[in-house]
Amino acid sequence: MSFLPGLVETTAVTDLYVDTNEVHREKIPQGTIWKIKVPADSKMTINIVSGIAEIFGTELANNVEYSFSNWNFSIYAVEEVHLEWKGSDPHPIVEDEDLISNRTAKYIYNLHFSLDKMRSTSFEGPNILVIGNKGSGKTALCRTLSSYSIKFKAYSPMFVNLNPQEAVFSPPGCLSATPISDILDVELPIWGQSMTSGATALHTKQPILKLFGLEMIAENPQRYLQTMDSLASVINSRLEKDSLVQRSGCIIDTPPLGQLSDDLHELVHIIQKFRINFVVMLADVDNEEDTATLEKVTPLAKSLVGDFFVKIPRLCGVIPSDDVYMRSLQRSSIREYFYGNPGTALSPFSLSLDFEDLVIWEPKNVLSNGETAVENNEILNLSQVSISPSSVQHALICITHQDKHAKQEDVANAAILGFALITEVNEKRRKMRVLLPVPGNFPNNACILTSYRYLE
Amino acid sequence: GATATQKNIQSRNWFLRDEEWANFKDSIITSTRFNSDPDEN
Ligand SMILES: Nc1ncnc2c1ncn2[C@@H]1O[C@H](COP(=O)(O)OP(=O)(O)OP(=O)(O)O)[C@@H](O)[C@H]1O
Ligand SMILES: [Mg+2]
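Computed from a predicted model, the values in this text were never measured in an experiment.

*Asks:* How do you make sense of the overall build of chain B when you look at a structure like this?
*Replies:* If you tally the helices and strands in chain B, you get 1 helix and 0 strands. Expressed as a percentage of the 41 residues in chain B, the buried residues total 29%. Total accessible area on chain B stands at roughly 2900 Å², and carbon and sulfur atoms take up 49% of it.

Here you go:
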């Protein structure tokens, strides 16, 4: 066979072609979730023929083709669902346990009804904090609660993301807050699109972002707290002016508890700054890591919110993920920021800049070796980046709202104007190519380097 | 060649300043979802 290259080639092409277009049918019994993994290099489309199907709380329309790529998610059949799917990966499902009974749906409904009750009895809505160990389902729970909050009544909860490694309505490296005033985009891991120049198929969202810039909180815990404080203060001024959002309350997602300090002082800080009055912890009693964490968290949470600390099991739909998957999600969120998604293509703008045109600052990373120990009183200072291929090539940089010549302490917590991508650095000519989301000149503003890189 | 998304090509907006965002009302955001204009579909 190997002597007949033509034939081998044809077979390969045919295989791929047939798999992509073959329509598969699936029945999902009522109350069951169908777990799906769509790898980065493949695509899947799903068409709900009949029944009520939800993705993280958002209902799918019948007879509409939804496309998915690079995402682990699940479809929950509220009522028996018949669907058709096509895909370049013949086995997108999680083998052996793809169809499981949704044992934790009732906990999510109960939480939702408690939130609803709090909203109807007070002008200051519930501010719910979701905590748990890595991969326990925190983000999935927040997304589902956000969806349910707008599904039956005209509420507009504020979703707050305090996990800088997670990208929701934004590239990674940020803490963010987004009022959810219309349905979430079921096709996107980043929940939906942030504002663009025109009307889009789905209502876009208007987030406020604060840049942490690093990956792990431990790389600069003080900067993490500072970033959180500036987010909390702008959220509070929005809530004062927006009675609908205030009444709807905040739904707050957090980094895995293992990323916080041993004494959990970040948790206390969050509960105070965001005026949390409801804490939910996702934990399993037969999981050793969870019981250990629960023991530490319980007295602390009880002392702050009393009976409004509840524990529910880890969500039963979770799909274990690793660093490779996390990075691929971060990459797609950066791509989405510049190029858009299958529903809305965006056209980024490429321009050439001299090294001298850019002022780039960088937050201190106390874990990075090779750097001299950082004095405690300097940990919040930014340092100026000297531009070279090794320091900024392929880097995602944040453009702040501060002037290029602003003092570094003003830049450190500046509001975010947007992001740029440094695609090429030419040291000899002292020039670089930069991708901007908005056409025009590069803003005359100070920039901050993030730890995130994107190679096209 | 022409693609299905071509008519939809647009660019992203810059993010708002803190005060602008604090004063922003989401009710002014539009989507084409409820647009009955036949040219849009
Ligand atoms: N029905 C479901 N419920 C919860 N998670 C689900 C479900 N279906 C799929 N998943 C997947 O399980 C994974 C873990 O869930 P999730 O991201 O919500 O956990 P997490 O606690 O936020 O994790 P991390 O600590 O890394 O932030 C995700 O990839 C998610 O998409
Ligand atoms: Mg998460």
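What follows picks up the thread again.
*Asks:* It is not clear to me how the overall build of chain A should be interpreted in this structure. Could you clarify?
*Replies:* In terms of helices and strands, chain A carries 10 helices and 23 strands. The burial tally for chain A puts 55% of its 456 residues in the buried class. Sequence separation of at least 24 residues holds for 76% of the intrachain contacts in chain A that already meet a minimum separation of 6. Total accessible area on chain A stands at roughly 19500 Å², and carbon and sulfur atoms take up 52% of it.

*Asks:* So what exactly am I meant to see when it comes to the interface of chain B and chain A here?
*Replies:* Interface extent is often summarised as the accessible area lost during association of the parts. The interface of chain B with chain A comprises 23 residues on the first partner and 49 residues on the second. Carbon and sulfur atoms make up 54% of the surface buried where chain B meets chain A, a total of about 3600 Å² over both sides. By the criterion of area lost to chain A, the three top residues of chain B are Arg12, Phe15 and Trp21 of chain B, representing 29% of everything that side buries. Applying the counting criterion to the chain B and chain A interface returns 3 salt bridges. A salt bridge links arginine 12 of chain B to glutamate 336 of chain A; the shortest N-O distance between them is 3.0 Å. Run the count over chain B and chain A and you get 20 residue pairs in polar contact (both at pLDDT 80 or more). Tallied by class, residues from the side of chain B that touches chain A come to 8 nonpolar, 9 polar and 6 charged.

*Asks:* Which parts of the structure should I look at to understand the sheet that holds strand β14 (residues 309–312) of chain A?
*Replies:* Within a sheet, adjacent strands bond to each other through the backbone by hydrogen bonds, running parallel or antiparallel. Residue and element names in this part refer to chain A. Read across the sheet, 7 strands follow the order β11-β10-β9-β12-β8-β13-β14 without closing on themselves; strand pairing throughout is mixed. With partners counted over all chains shown, the strands left at the sheet margins are β11 (208–211) and β14, one partner each. If you compare each strand with its neighbour and ignore which way they point, the axes differ by 15 degrees on average. As paired strands, strand β10 (residues 174–179) and β11 are joined by 4 bridges and run antiparallel to one another. Following the sheet pairing, cysteine 174 is matched in β11 by leucine 211. The strands that helix α2 (residues 105–121) touches are β8 (127–132), β12 (250–253), β13 (278–282) and β14; relative to β13, the one it contacts most, it runs at about 175 degrees.

*Asks:* What is the right way to read the packing of helix α4 (residues 221–241) of chain A against helix α6 (residues 265–273) of chain A from this model?
*Replies:* Relative placement of two packed helices is described by the angle separating their axes and the distance separating the axes. Residue and element names in this part refer to chain A. At a minimum axis distance of 10 Å, the contact between α4 and α6 shows a crossing angle of 15 degrees. Here α4 lies roughly parallel to α6, going by the angle between them. α4 and α6 meet at a crossing whose hand is right-handed. Residues Leu225, Met228, Asp229, Ala232 and Asn236 of α4 lie in contact with α6, whose contacting residues are His265, Glu266, His269, Ile270 and Lys273. Of the residues belonging to the contact of α4 with α6, the class tally is 4 nonpolar, 3 polar and 3 charged.

*Asks:* How should I be thinking about the packing of α2 of chain A against helix α3 (residues 138–151) of chain A in this particular structure?
*Replies:* All names here are of chain A. Where α2 meets α3, the axes come as close as 10 Å, and the angle between the chain directions of the two elements is 50 degrees. By the criterion of interaxial angle, the relationship of α2 to α3 is oblique. When the axes of α2 and α3 are compared, the crossing they make is right-handed. Residues Ile108, Tyr109, Leu111, His112, Leu115 and Arg119 of α2 form the contact with α3, whose own contacting residues are Leu141, Thr144, Leu145, Tyr148 and Ser149. When grouped by side-chain class, the residues that make up the contact of α2 with α3 number 7 nonpolar, 3 polar and 1 charged.

*Asks:* I tried to follow the pattern of salt bridges on my own but got confused; where do I start?
*Replies:* Opposite charge on two side chains permits them to pair, given that their charged atoms come into close proximity. Summed over the entire model, instances satisfying the criterion amount to 16 salt bridges over all chains. Two residues, aspartate 26 of chain B and arginine 238 of chain A, come together in a salt bridge whose shortest N-O distance is 3.0 Å. Of the two residues, aspartate 26 of chain B is situated in the segment after α1 (18–23) and arginine 238 of chain A in helix α4; the pairing between them involves two chains. Here aspartate 262 of chain A makes a salt bridge to lysine 296 of chain A, at a shortest N to O gap of 3.8 Å. Of the two residues, aspartate 262 of chain A is situated in the loop between β12 and α6 and lysine 296 of chain A in helix α7 (residues 288–305); the sequence distance between them amounts to 34 residues. Residue class for aspartate 262 of chain A comes out exposed when judged on its relative accessible area of 67%. One connected set of salt bridges, linked through shared partners, spans Glu54, Glu59 and Lys151 of chain A.

*Asks:* Please clarify how the environment of proline 39 of chain A should be interpreted in this entry.
*Replies:* Residues and elements named next belong to chain A. Relative to the elements of secondary structure, proline 39 occurs in strand β2 (residues 32–50). Given a relative accessible area of 31%, proline 39 falls into the partly exposed group. A sequence separation of 31 residues divides proline 39 from asparagine 70, and the C-alpha atoms of the two residues are 4.6 Å apart.

*Asks:* Explanation requested: the sheet that holds strand β19 (residues 382–384) of chain A in the structure shown.
*Replies:* Residues and elements named next belong to chain A. With mixed pairing, 7 strands are arranged side by side in an open sheet as β17-β22-β21-β20-β23-β18-β19. Two strands lie at the open edges of the sheet, namely β17 (349–354) and β19, each paired on one side alone. Taken over all neighbouring pairs, the strand axes of this sheet differ in orientation by 40 degrees on average, direction set aside. Across 2 bridges, strand β18 (residues 360–363) lies against strand β23 (residues 445–453) in parallel orientation. Across the sheet, tryptophan 361 pairs through a bridge with isoleucine 448, a residue of β23. Here helix α8 (residues 323–339) sits on the sheet and contacts β20 (395–403), β21 (416–426), β22 (431–436) and β23; the angle it forms with β21, its principal contact strand, is near 100 degrees.

Calculation rules
- Residues numbered from 1 in each chain as written.
- Chains lettered and ligands numbered in written order.
- Predicted model: local features only at pLDDT ≥ 70, side-chain atom pairs only at ≥ 80, totals over all residues.
- Heavy atoms only, no water.
- Helix = DSSP H or I, 4+ residues; strand = E, 2+ residues; numbered from the N terminus.
- Buried < 20%, exposed > 50% of the residue type's maximum accessible area, 1.4 Å probe, protein only.
- Areas by Shrake-Rupley, 256 points an atom, 1.4 Å probe, with all protein chains shown as cover.
- Contact = heavy atoms within 4.5 Å.
- Buried area = accessible area lost by both parts, 1.4 Å probe.
- Salt bridge = Lys/Arg side-chain N within 4 Å of Asp/Glu carboxyl O.
- Polar contact = N/O pair within 3.5 Å; in protein donor to acceptor, adjacent residues only side chain to side chain.
- Nonpolar A, V, L, I, M, F, W, Y, C, P; charged D, E, K, R; others polar.
- Pairing = 2+ DSSP bridges.
- Axes fitted to C-alpha atoms, helices over the stretch in contact; angles between N-to-C directions.
- Parallel < 35°, antiparallel > 145°, perpendicular 65-115°, else oblique.
- Left-handed = near helix turned anticlockwise from the far one by under 90°.

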